[in-house]
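# Residue-level structural notes
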Amino acid sequence: MARAIVSDRRGSLAEQVARRGPAEVRVARLAPSREARDPSPPAETRVRELVLANGRGGFTPDGTEYVVTTRAGEATPAPWSNVIANPGFGTVISESGPAYTWSENAHELRLTPWHNDPVTDASGEACYLRDEDSGHFWSPAPLPCRGSGAYVTRHGFGYSVFEHVEDGIASELWVYVAIDAPVKFSVLKVRNLSGRARRLSATGYVEWVLGDLQPKTAMHVVTELEPRSGALLARNAYNTEFPDRVAFLDVDDALRSVSGDRTEFLGRNGSIRDPAAMGRVRLSGRVGAALDPCGAIHVPFELADGEEREVAFRLGMGRNTADATSLVQRMRGSAAARGALDEVRSHWKRTLGAVQVSTPDPAFDVLANGWLLYQTIACRLWARSGYYQSGGAFGFRDQLQDGMALVHTGHALVREHLVRSAGRQFVEGDVQHWWHPPSGRGVRTRCSDDYLWLPLAMARYVKATGDLAVLDEPVAFLEGRPVGAGDDSYYDLPRRSGESASAYEHCVRAIEHGLRFGAHGLPLMGSGDWNDGMNLVGIGGRGESVWLGFFLCHVLAEFSGVARARGDAAFAERCDAQRTTLACNLEQHGWDGEWYRRAYFDDGTPLGTAAGAECRIDSVSQSWSVLSAAADPQRARAAMEAVDERLVRRDHGLVQLLDPPFDGPVLDPGYIRGYVPGVRENGGQYTHAAIWAAMAFAALGDRERAWKIAAMINPVNRAATPRAVATYRVEPYVVAADVYAVAPHAGRGGWSWYTGSAGWMYRLMVESLLGLAREADRLTIRPCIPAEWRGFTIRYTFAATLYEIVVRQEVAAEGAEATLTVSVDGVVQRDGAIRLVDDGAPHRVDVVLGAQPAKKSAASSTAPESVLDA
C-alpha cells in the first residue's frame, strides 16, 4: 500500500522555514490511499444511567454532570453550554464544541472571537481528527465538522467532555481550564477499535483576537514560533490596555507542524467546517506579521489495534513573553495535564460540597447541590460572561448579590469582593454602576440602589462569619466629575482619590447618600433603581421609588446591627429612626388599595396603580414589603395575594414581573418600553423577581405557594419532557434570567447562565425553604417544607468538620401549634441553635418538626404540570 505522506529529505519544516522563509514553503496535498470509511455502520456510544432525563439529556446519578446525546440531524433547541473559568481566565463551551476563550476580561481581552450566534453556534476554535490514509476527517465534537453516528457531551463542574466513535476510532475530548493559571487544556484521547493499525492526525485551530473584536485587531496580531519550545506565540502590541500580553498555542509532540495564517488554513472560499488544510499533508509553518492571523497545530501519530494515544493542546496567555514561555514549559507533559484536571475537580468538589442536601425532590437537589453555586462562582464572579453576554465587567450591585449566596462556602471570595467593591465608590458616596478590570474604566450613573448593596452585603457577611475585621480594611475612594443634571450616565476612567476610609465608613457613606427623599418622603429614583429599564421615571431628580423604600428599610435594619457591633450606637440609632419614618411614608404614600405602588414619576404620576393602563402591579414592591418586614402585615399579605392572582401564570408556569406590559405612548418609564410586551422586564418573567416572590411567600409561612413558585422557576422542571424542552429551549441545569410570557413564545427561556438569579435561587432553596441560617459559629434551621414531606437531610461542612443534619416532620394534632426540637449528638438544644465547633469529629443533628396537616388546594403541588407538559 502506497503511503499518503512521503518522507521529506529537505529537512524539518522548521529548518525549511528558517532557511527559505515561510512564504516559500510549499506543502504537498494529501493523497488518499484507501476508501474514506469502513462500510460498517457507525458505532453507538455506550448507554448511561441518567436521572431527570428529558429525551435530549439528563443528569448522572450523582448530579455532577449533565449529559447530552445528539445524532445526525439532531440538536438541542438552543446551545446548551458550560462556562469554565478561574478568576482570570476562561472559556465557554456549548454541547456542540468550543465557543470562545478570554483572559483577564471576557470583553476586552478575548483570545478567540465571541460570535453570540445561537442559530449556527459558530466558533473561532476547532479540533479535527483525520485518517491519514483515507483523508477522511471529522471533529471529535459535533462542530464544526460532524462525523457519523452519535455524539455525547458531558458538562461537569470545571470541564466538558465530548465522546464519539468514527470509522473505528473512539475519541474523548476533555476541555478544562487550570484552576491556578491562564491555560485551557483540550486533551484529545484517541483509541483504535478498528481491528487494524491506523495512521491518524489531530489538528487544533484557533482564530486570534487578542482584543475585543477580530476585525479591529487582526491587522495588529503578529505570530511567531518560540525558539526553544516551538510553541506558537501571538501578540497584539496595539492593544492599549494589554500591550505586553502574549498568547500561545502549544502541544508536546515534536512531529507537529504549525501555521499562523488563517487564509492558508481555511483556503480561498473555505470555512472552518471544511478547511483547505485538511487536504494537505501538514501545515506550512507560515507565521509573522501582515497575515490573517490564526494558530494551528497538526500532530500525526500511529495507533496499533487497541492502542490509545493522548494529544494535549494548550491555549493560554502570559503577562509578557517570559511569562508565556514559563507557562508553556510548566504545563507541558501528560502529567501536568492530568494534574491540572485533578486540581479542578478537587476544587469544585470541595467548594460545592460544603452544603449537600437530600430531599424528596431530585430536581431540587441537583440544583442546590452544585449547579447553582457553580453558575454563581464560575460564571458570575469569575467569568462575568456567558453564551449570550461577553461582558467582562463587574457590576456593582451584581457581584455583591452573587457573593451574598456564598456565606456558607466561599467566605474568602465574598470578603475579597466586598473590599474590591468599596474601592469603586466616589467620595460623594455613589459608585460605578459597572467597571472593567484591570483598568477600572466604567460607567458612573445616577442609579439609586447600586451603592446600597454594599452595606447590605457587608452586613450579611459580617453576620454570617463574625468577621468584624473586614470593617477596618482601608480603601481609597474614586474621584470624577458628577453626572450632569438630566443625564443618565457617562463612561470614563476615574481617578484614585487621595482620600481613603475604612470599609465601614464606605458603607456609612453609601447609606447617607441614599437618604435623599422626594415630595412623598420616599427615596429618589434617579436614573433607575433595581430595574435599570425604568431609567426615565426619576431622571428629572424628583421621581420616587416605592420598591427602593422597602429595600432601604431592609438595608437600614441590617446595617444597624453592624453599627452596634462596631460600637457606633449613634449611627445605629440613626438607621433605626430613618427606617421608622420611611416605613410610615411607605404606608401613607406607597399603598394603592390592594397592593403597593411601584414608583412616582417626576411629575408625581403614580406607577403601579390599579387606575393605570400599564404596569398596574409590579411584583418587586409586593415581595419586598414582606422581605423588608417594614410593611403593615395585613397589607403585605394582601399584596402577595395580588401577586398570586395577577402575576403568577399557572398556565405557562411563570411569574410575570409586572402587568400589563408597557405598550403605549402615555407612560414612558425608559428603555424597558423597548422590549416586546411580555419579554424580559416588560411583563415577562424576570427570574430575579420571581425568586423574591417565592421568598416572600416562604417568609409569610405560605409553604404551598412558595414551593409552587420554586418548582415553576426550576429549570429542570421547565425542561422535563421532550415537549417542554422544545418550548423552554435553553439549558435545564442552570437558571435563565428571563422567561417569555407572550404568545407564541410563552414559556421560552431567555438569557441563560449570566444571571444573578442563580445566587438568589440558591438562597431561596437552602435558606427560605430548607430554613438554614448561619450567624458566626451558630447555625439555625427553620424549614418551610411541603406538608407531605417526611423530612430531608443536610450535610453541612464547617471548616474540617461535618454536621449531619436530619430533619423529620411529624403531623401535629389538629389546632396544635407548630413545634421544633433540635438535638446535637443526642443533647437537646434549648435555644434551637447548633453551635459549630471545628473539632474534626462528625456530629449528628436531629431536627423534629411538628407541623399542621396538608391542606388540599390548587397550589399544593410542588411539580407544576403546566410546566412539565408545556
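For the structure given in this document, a descriptive report is provided here. Note that the structure is a prediction, hence the values are computed from the model and not measured.

### What about the overall build of the protein chain?
- Scanning the protein chain from terminus to terminus reveals 20 helices and 42 strands.
- Structurally, the protein chain occupies a C-alpha span of about 90 × 60 × 60 Å along its principal axes.
- For the protein chain, the proportion of its 870 residues judged to be buried stands at 62%.
- When contacts within the protein chain are restricted to residue pairs at least 6 apart in sequence, long-range pairs at least 24 apart make up 69% of them.

### A look at unusual backbone geometry
- For the bond from L143 to P144, the omega torsion is 10°, close enough to zero to count as cis.
- Of note, P144 is situated in the loop between β7 (137-138) and β8 (151-156).
- A743 connects to P744 through a cis peptide bond whose omega is 5°.
- In this fold, P744 is placed in the loop between β34 (738-739) and α19 (757-769).
- Its identity as a non-glycine residue notwithstanding, R384 has a phi of 50°, on the positive side.
- Tracing the backbone shows R384 in the loop between α6 (362-383) and β20 (394-395).
- Within the chain, A776 stands out as a residue other than glycine whose phi angle is a positive 55°.
- Position of A776 among the secondary structure elements: in the loop between β35 (772-775) and β36 (778-781).

### A short note on the pairing of β36
- Here β35 runs beside β36; their pairing, made up of 4 bridges, is antiparallel. Within the sheet, the bridge partner assigned to R774 lies in β36 and is L779.
- Where β35 folds back onto β36 in an antiparallel hairpin, the turn is made up of 2 residues, including A776, whose phi is positive at roughly 55°.
- For β36 and strand β41 (residues 834-835), the ladder comprises 2 bridges, and the chain directions are antiparallel. Within β41, the residue paired with R778 across the bridge is R835.

### Quick word on helix α7 (residues 396-404)
- α7 sits mainly inside the fold: 8 of its 9 residues count as buried.
- Within the sequence span of α7, burial applies to F396, R397, Q399, L400, Q401, D402, G403 and M404.

### With respect to the pairing of strand β3 (residues 81-86)
- For β3, the buried fraction is high: 6 of the 6 residues fall into the buried class.
- Residue alternation in β3 divides its side chains into two sets, S81, V83 and A85 and N82, I84 and N86, and both sets are buried.
- In terms of strand pairing, β3 meets strand β4 (residues 89-94) through 6 bridges, oriented antiparallel. Each bridged residue has a counterpart across the sheet, and for N86 the counterpart in β4 is F89.
- Remark: 2 residues form the turn of the hairpin made by β3 and β4, two consecutive strands paired antiparallel.

### Quick look at the sheet that holds strand β26 (residues 544-545)
- Across the sheet, which stays open at both edges, the 3 strands sit in the order β26-β27-β28 with antiparallel pairing between neighbours. What marks the edges here is a single partner per strand, and that holds for β26 and β28 (606-607).
- Sheet topology note: the β26/strand β27 (residues 599-600) ladder contains 2 bridges and is antiparallel. Residue pairing for β27: S545 is matched across the bridge by A599.

### So, the packing of α6 against α7
- Between α6 and α7, whose axes approach to 10 Å, the crossing angle comes to 160°. By the angle between their axes, α6 is roughly antiparallel relative to α7. Crossing hand, α6 versus α7: left-handed. Seen from α6, the contacting residues are T376, R380 and L381; seen from α7, they are D398, Q399 and D402.
- Residue classes in the contact of α6 with α7 are distributed as 1 nonpolar, 2 polar and 3 charged.

### Comments concerning the packing of aromatic side chains
- Within this structure, the stated rule accounts for 38 aromatic pairs.
- Taking the centre distance of 6.2 Å and the plane angle of 85° together, the rings of W371 and Y374 count as edge-to-face. Placement of both W371 and Y374 in helix α6 is noted, with a separation of 3 residues, approximately one turn of the helix.
- W371 sits in the buried class, given a relative accessible area of 0%.
- Under the relative-accessibility criterion, Y374 is labelled buried at 0%.
- The interplanar angle of 80° and the centroid separation of 6.2 Å between the aromatic rings of F559 and F571 together place this pair among those described as edge-to-face. With F559 in helix α11 (residues 546-566) and F571 in helix α12 (residues 569-589), the pair connects residues that are 12 residues apart, well separated along the chain.

Criteria and cut-off values
Residues numbered from 1 in each chain as written. Predicted model: local features only at pLDDT ≥ 70, side-chain atom pairs only at ≥ 80, totals over all residues. Heavy atoms only, no water. Helix = DSSP H or I, 4+ residues; strand = E, 2+ residues; numbered from the N terminus. Buried < 20%, exposed > 50% of the residue type's maximum accessible area, 1.4 Å probe, protein only. Contact = heavy atoms within 4.5 Å. Pairing = 2+ DSSP bridges. Axes fitted to C-alpha atoms, helices over the stretch in contact; angles between N-to-C directions. Parallel < 35°, antiparallel > 145°, perpendicular 65-115°, else oblique. Left-handed = near helix turned anticlockwise from the far one by under 90°. Nonpolar A, V, L, I, M, F, W, Y, C, P; charged D, E, K, R; others polar. Phe/Tyr/Trp six-rings, centres within 6.5 Å; stacked < 30°, edge-to-face > 60°.

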